[in-house]
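Chain residues, written in single-letter form:
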Amino acid sequence: RIHQLSTQHSEPLHEVVCAEISSDFFGSGNGSKLTTLASATLLLTEIGDLSASSQSKMWHSLAESERNAESRGPRILASTRRNLDQEIRSSRFREDLYYRISGVCLRVPPLRHRKEDIPLLIDFFLNKYSTLFGRPKSVLSSSTLRFLSEYSWPENVRELEDAVKTIAAIGDERVAIAAMRSAFFDGRRRNGETESISLKEAGRAASRQAERELILKALSRTRWNRKRAAEELRISYKALLYKLKQFGVDEYANPNRGED
């Protein structure tokens, strides 16, 4: 968007993944890629992945461009998911390079800290991929929206986009979400990942999980006869239906559907 609004740079936007930059990218003089892109906007994706050698060459190339008025370099935009302040303290990123490129810094909070954006992003990606795949736009259930809104999204917007893309591609929300739930939570347990939550939140989560397991076991014993399951659980039929909706159990395939 910065490039689109620019009135000074007429060349296209060039995006470069820093982990894939060749050793001669930041050469000196006419051999520098920065010189050939003098009127362009150069987006350096994941600049925190630059090797020490590339960081040094980039610093010298930018310094040379500043000293020589005739060798104006491109506009530099850079992005990273790393905390460059910590990278500098750990001597993994050059401090002089950081201050040379950090004229204006925009820090975007992770998706888990701006969950109010999730419904808007879901709608955007549903429109995008429904059109791309030539399918009717899916209308997600409240339990699916709640699941997508409560998940921590460690890979941020890209991970959310992949999740919504899966829903649009499969065309069956129940199948997509069942697989996603299993992959998300089982994968995190295997990797030993934990989230910082309060004791009260942990208690509520454990209670909900225990209730859900008891309900599923009762449904299994009664071959998904919900009236009999409610009697066995000593709750009203209406309360059981509410719990099923609350836990998203009704999204899973019922092998004995219609036996109430």
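Residues numbered from 1 in each chain as written. Predicted model: local features only at pLDDT ≥ 70, side-chain atom pairs only at ≥ 80, totals over all residues. Heavy atoms only, no water.

## Section: the overall build of the protein chain
Rules: Counting from the N terminus, the helices are DSSP H or I runs at least four residues long and the strands are E runs at least two residues long. Relative accessible area decides the class of each residue, using a 1.4 Å probe on protein chains only: under 20% of the type maximum gives buried, over 50% gives exposed, and in between gives partly exposed. Note on definitions: a residue-residue contact is assigned when non-hydrogen atoms from the two residues lie within 4.5 Å. In short, Shrake-Rupley with a 1.4 Å probe defines the accessible areas, and a residue's cover is counted only from the protein chains shown.
Counting its secondary structure elements, the protein chain contains 11 helices and three strands. Counting over 260 residues, the protein chain shows a buried share of 35%. The contacts in the protein chain between residues at least 6 apart in sequence include a share of 71% that link residues at least 24 apart. As displayed, the protein chain offers around 16600 Å² of accessible surface, 51% of which is attributable to carbon and sulfur atoms.

## Description of the pattern of salt bridges
Short version of the rule: By definition, a salt bridge exists where a carboxyl oxygen of Asp or Glu is found within 4 Å of a side-chain nitrogen of Lys or Arg.
Throughout the structure, instances matching the rule amount to 11 salt bridges. If you follow the salt bridges from partner to partner, you end up with D49, R82, E87 and R92 in one network.

## Quick look at the nonpolar core
Inclusion rule: Buried residues of nine kinds, namely Ala, Val, Leu, Ile, Met, Phe, Trp, Tyr and Cys, make up a nonpolar core once their side-chain atoms join them within 4.5 Å.
If you look at the biggest cluster of nonpolar residues, it comprises 20 residues, and the most contacted ones within it are I21, L44, I47, L50, M58, F93 and L97. Those elements that place two or more of their residues in this core are β2 (41-45), α2 (52-67), α3 (84-89) and α4 (95-101). If one sorts the elements of this core by residue count, α2 sits on top with four residues. Once residues within four sequence positions are removed from consideration, L44 is found in contact with V16, C18, I21, M58, I76, L77, A78 and S79. The next biggest cluster of nonpolar side chains, apart from the first, holds 19 residues, and it includes L121, A163, A168 and A176.

## Observations regarding α2
What counts, and what does not: A helix is expected to reach a length of 1.5 Å times the quantity of its residues less one.
Compared with an ideal rise of 1.5 Å per residue, which puts 16 residues at 22 Å, α2 spans 23 Å between its outermost C-alpha atoms and is within 8% of the ideal. For α2, the full list of buried residues reads S54, Q55, M58, W59, S61, L62, A63 and S65.

## A few points about the sheet that holds strand β1 (residues 13-17)
Note the threshold: Strand pairing is assigned whenever DSSP identifies at least 2 bridges connecting the two strands. To get an axis, a line is fitted to the C-alpha atoms, and for a helix only the part in contact is used. The angle between two axes follows their N-to-C directions and goes from 0 to 180 degrees.
Strand order across the open sheet formed by three strands is β1-β2-β3, with parallel pairing between neighbours. Two strands bound the open sheet, and with one partner strand each, they are β1 and β3 (75-79). For this sheet the average axis-to-axis angle between neighbouring strands, irrespective of direction, equals 20 degrees. Note: β2 against β3, five bridges, orientation parallel. When the bridges of β3 are listed, L42 appears paired with I76.

## As for the environment of T144
For the record, the criterion: Contacts described as polar in this section are N or O atom pairs within 3.5 Å, which, within protein, must combine one atom able to donate a hydrogen with one able to accept it, while residues neighboring in sequence count only if both atoms come from side chains.
Examined against the element boundaries, T144 turns out to sit in helix α6 (residues 142-150). Assessed through its relative accessible area of 0%, T144 is described here as buried. Residues T144 and A178, spaced 34 residues apart in sequence, show a C-alpha to C-alpha distance of 10.0 Å. Among the polar contacts listed, one links the side chain of T144 to the side chain of S141, at a separation of 3.2 Å.

## Digging into the packing of helix α10 (residues 226-233) against helix α11 (residues 237-247)
So the rule is basically this: Throughout, the term roughly parallel applies to angles under 35 degrees, roughly antiparallel to angles over 145, roughly perpendicular to angles from 65 to 115, and oblique to all others. Amino acids are sorted into nonpolar (Ala, Val, Leu, Ile, Met, Phe, Trp, Tyr, Cys and Pro), charged (Asp, Glu, Lys and Arg) and polar (every other residue, Gly among them).
Between α10 and α11, whose axes approach to 9 Å, the crossing angle comes to 100 degrees. Relative to α11, the element α10 is oriented roughly perpendicular. Only Y237, L240, L241 and L244 of α11 make contact with α10, whose side of the interface consists of R226, K227, A229, A230 and L233. In the contact of α10 with α11, the residues fall into seven nonpolar, no polar and two charged.

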